[in-house]
Amino acid sequence: MNAVEYIRQLQSMHPVPTPDISDIETLRRAAEARGLDFDEAQRAFGAAPVDIAANNLNTIRPFLSTDMQQRIAAGQIAAGTIGLETFDAFSEQVDDGWAIVFHLGFTQFLYQAARSVARLFPTRSGAGGVTEALLEETAKALKRQLWYHNAAAIWHPAADPIEPEQLEIANVLSGAADEFFLAHEVGHVVTSIAGIDETARRLGPPPETTPAHQVEFACDGYALGLVLDAASKRGAKQDRDFAVAGAEFGLQLMRLMARFGMEFAATHPAADERIAYVRRLQREQTDGAGNTELSRRLETVLEHSVATMSDGLRLDDVAEDEVGALLPRIEAEALQAAPHVRRQPM
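Residues numbered from 1 in each chain as written. Predicted model: local features only at pLDDT ≥ 70, side-chain atom pairs only at ≥ 80, totals over all residues. Heavy atoms only, no water.

Peer 1: Help me out: how do you make sense of the nonpolar core in this one?
Peer 2: Note that soluble globular proteins tend to have their nonpolar side chains buried in a common cluster. With 62 residues, the main nonpolar core has Val186 and Phe249 as its most contacted residues. Ranked by the residues each element gives to this core, the list is headed by helix α8 (residues 164-194), at 12 residues. Contacts of Val186, omitting those with residues within four sequence positions, involve Leu57, Ile60, Leu64, Met68, Ile100 and Tyr222. Membership of the second largest hydrophobic core comes to 11 residues, among which are Ile7, Val94, Ala99 and Val101. (Core = buried A, V, L, I, M, F, W, Y, C linked by side-chain atoms within 4.5 Å. Buried < 20%, exposed > 50% of the residue type's maximum accessible area, 1.4 Å probe, protein only. Helix = DSSP H or I, 4+ residues; strand = E, 2+ residues; numbered from the N terminus. Contact = heavy atoms within 4.5 Å.)

Peer 1: In this structure, what is going on with the pattern of salt bridges? I would like to understand it.
Peer 2: Oppositely charged side chains can pair when the atoms bearing their charge come close. For the structure shown, the criterion picks out four salt bridges. Between Arg71 and Asp67 there is a salt bridge; the shortest N-O distance is 3.0 Å. Separated by four residues within a single helix, Arg71 and Asp67 lie in helix α5 (residues 66-73), roughly one turn from each other. When its relative accessible area of 35% is taken as the criterion, Asp67 is described as partly exposed. Ionic pairing is found between Asp272 and Arg255, a salt bridge with its closest N-O pair at 2.7 Å. Here Arg255 lies in helix α11 (residues 237-259) and Asp272 lies in helix α12 (residues 271-285), a separation of 17 residues in the sequence. (Salt bridge = Lys/Arg side-chain N within 4 Å of Asp/Glu carboxyl O.)

Peer 1: Looking at this structure, I do not really get the environment of His14. What am I missing?
Peer 2: Structurally, His14 is set in the loop between α1 (3-13) and α2 (24-33). Given the relative accessible area of 15%, His14 is considered buried. His14 sits 70 residues away from Leu84 along the chain, and the two C-alpha atoms are 6.5 Å apart.

Peer 1: What is the right way to look at the pairing of strand β1 (residues 77-82) in this model?
Peer 2: Walk down a regular strand and you will see the side chains alternate between the two sheet faces. For β1, the tally of buried residues reaches six of six residues, placing the bulk of the element in the interior. Where burial is concerned, the two faces of β1 agree: the one with Ile77, Ala79 and Thr81 and the one with Ala78, Gly80 and Ile82 are both buried. Pairing analysis gives six bridges linking β1 to strand β3 (residues 97-103), with the strands arranged parallel. Across the sheet, residue Ile77 finds its bridge partner in β3, namely Trp98. (Pairing = 2+ DSSP bridges.)

Peer 1: Please explain the sheet that holds β3 as it appears in this structure.
Peer 2: Overall, mixed pairing links the three strands, which are arranged β1-β3-β2 in an open sheet. Strands with a single pairing partner mark the edges of an open sheet, and in this sheet they are β1 and β2 (89-94). Pairwise comparison of adjacent strand axes, ignoring direction, gives a mean angle of 25° for this sheet. Against the sheet, helix α6 (residues 104-118) touches β1, β2 and β3, its axis set at about 50° to β3. (Axes fitted to C-alpha atoms, helices over the stretch in contact; angles between N-to-C directions.)

Peer 1: Whenever I open this one, the packing of aromatic side chains confuses me. Can you help?
Peer 2: Centre distance and the angle of the planes are the two values used to describe a pair of aromatic rings. Applying the stated rule across the entire model yields six aromatic pairs. Their ring planes at 85° and their centres at 5.3 Å tell us that Phe106 and Phe181 sit as a pair that is edge-to-face. In this pair, Phe106 is assigned in helix α6 and Phe181 in helix α8, connecting sequence segments 75 residues apart. Across the pair, exposure class does not vary: Phe106 and Phe181 are buried alike. Look at Phe180 and Phe181: their rings are 5.5 Å apart centre to centre, the planes differ by 65°, and that puts the pair in the edge-to-face class. Of the residues examined, Phe180 reaches a relative accessible area of 0% and is grouped as buried. Taken together, Phe87, Phe102, Phe106, Phe109, Phe180 and Phe181 form an aromatic cluster joined through their ring pairs. (Phe/Tyr/Trp six-rings, centres within 6.5 Å; stacked < 30°, edge-to-face > 60°.)

Peer 1: Just to check I follow, could you spell out the environment of Arg61 for this structure?
Peer 2: Examined against the element boundaries, Arg61 turns out to sit in the loop between α4 (52-60) and α5. What makes Arg61 partly exposed here is its relative accessible area of 26%. Apart from residues lying up to four places away in sequence, Arg61 is in contact with Gln69, Ile72 and Ala73.

Peer 1: Help me out: how do you make sense of α1 in this one?
Peer 2: Helical periodicity: at 3.6 residues per turn, an α-helix aligns residues three or four positions apart in one direction. Those residues of α1 that fall on the buried side of the exposure criterion are Ala3, Tyr6, Ile7 and Leu10. One face of α1 carries all of its buried residues, which in axial projection span an arc of 95°. The exposed residues of α1 that point more than 90 degrees off its buried face are Arg8 and Ser12. Of the surrounding elements, those touching the buried residues of α1 are β1, β2 and β3. (Arc of directions from axis to C-beta.)

Peer 1: Before we go on, may I ask you to explain α8 in this structure?
Peer 2: For α8, built from 31 residues, the straight-helix expectation of 45 Å at 1.5 Å per residue is met to within 8% by its first-to-last C-alpha distance of 44 Å. With respect to burial, α8 is a largely interior element, 22 of its 31 residues being buried. The positive-phi residue at the C-terminal boundary of α8 is Gly195, with phi of around 95°. (Expected span 1.5 Å × (residues − 1).)

Peer 1: Just checking my understanding: could you explain the pairing of β2 for this structure?
Peer 2: With respect to burial, β2 is a largely interior element, five of its six residues being buried. Here six bridges tie β2 to β3, and the two strands are oriented antiparallel to one another. Within the sheet, the bridge partner assigned to Phe90 lies in β3 and is Val101. The turn linking β2 back onto β3 is made up of two residues.

Written out as structure tokens, the structure reads:
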């Protein structure tokens with residue numbers, strides 16, 4: 001079984017749900033949940049759901065080695081999204097190749113978190129901006145999302161008012177984070193095939209640390225190089241800014257999750273160390289410039305979220321009726337195991 005066949009098998013067992021567009025209101029809600037305007041939603045939902053993992057692999061494919069591109073063409077390397085709501089993404093060797101699997105919940109959380117923080121970005125109409133009130137609302141929104149996932153491995157959709165410009169930021173930012181993590185998993189495949197020295201060649205050697213941590217640092221560097229190459233091809237400086245910010249945003253979210261007891265594999269360095277390494281590489285790639293203004297704004301938001309959530313994941317921001325409605329789902333989730341999908345976080 002090659003990688004394409006393996007992913008298709010998983011997708012048949014855990015299909016990504018297609019939104020119900022039988023009525024206009026449902027379509028509007030589905031559009032907002034994905035950062036689309038109404039016309040885009042009508043086009044997008046009239047066809048099969050877009051596989052974001054596969055899409056991102058196609059985006060970075062031209063910047064891979066000839067050997068890697070040939071393996072993709074032969075079906076020996078493939079990426080795909082499956083309809084599980086857990087925060088998980090991993091690469092796995094199969095009979096004939098390597099499969100990169102993203103759970104739908106991974107992409108959903110990146111988008112919901114990006115949507116929450118995007119409300120802090122000012123718009124031409126004067127909405128948004130970093131205020132104490134909005135920082136507090138953002139912290140509560142992130143806390144709610146983390147609580148729901150911690151309770152039942154599902155993501156609570158953000159529903160706060162948001163401007164179209166901010167929705168666009170959320171869409172691009174979460175997409176950049178998705179692309180970075182996909183590129184990180186490609187780095188694991190390169191390491192499996194050719195060794196860590198090949199992975200580290202793209203942007204430089206990883207720090208001196210344990211072998212397992214060196215692999216993760218090398219894959220982060222490989223991923224940053226790939227997304228920066230893809231952004232440079234698109235041409236706009238803003239694309240490079242979002243590529244860097246997307247990498248940092250994803251790692252900062254992992255730091256936030258770890259801060260509240262959500263476990264990641266011991267083979268992975270602390271998120272703080274990964275962020276520092278990505279920033280060092282980014283400075284080297286931009287002639288000494290620091291992290292982008294976009295990254296600094298995101299860091300401010302997420303640092304505030306940590307500070308205002310020092311009491312941990314408790315129910316004080318979740319309404320009782322929501323909890324009551326959630327309990328049957330928690331029980332149902334507990335009865336549904338997926339032993340064929342192993343957890344190997346980014």
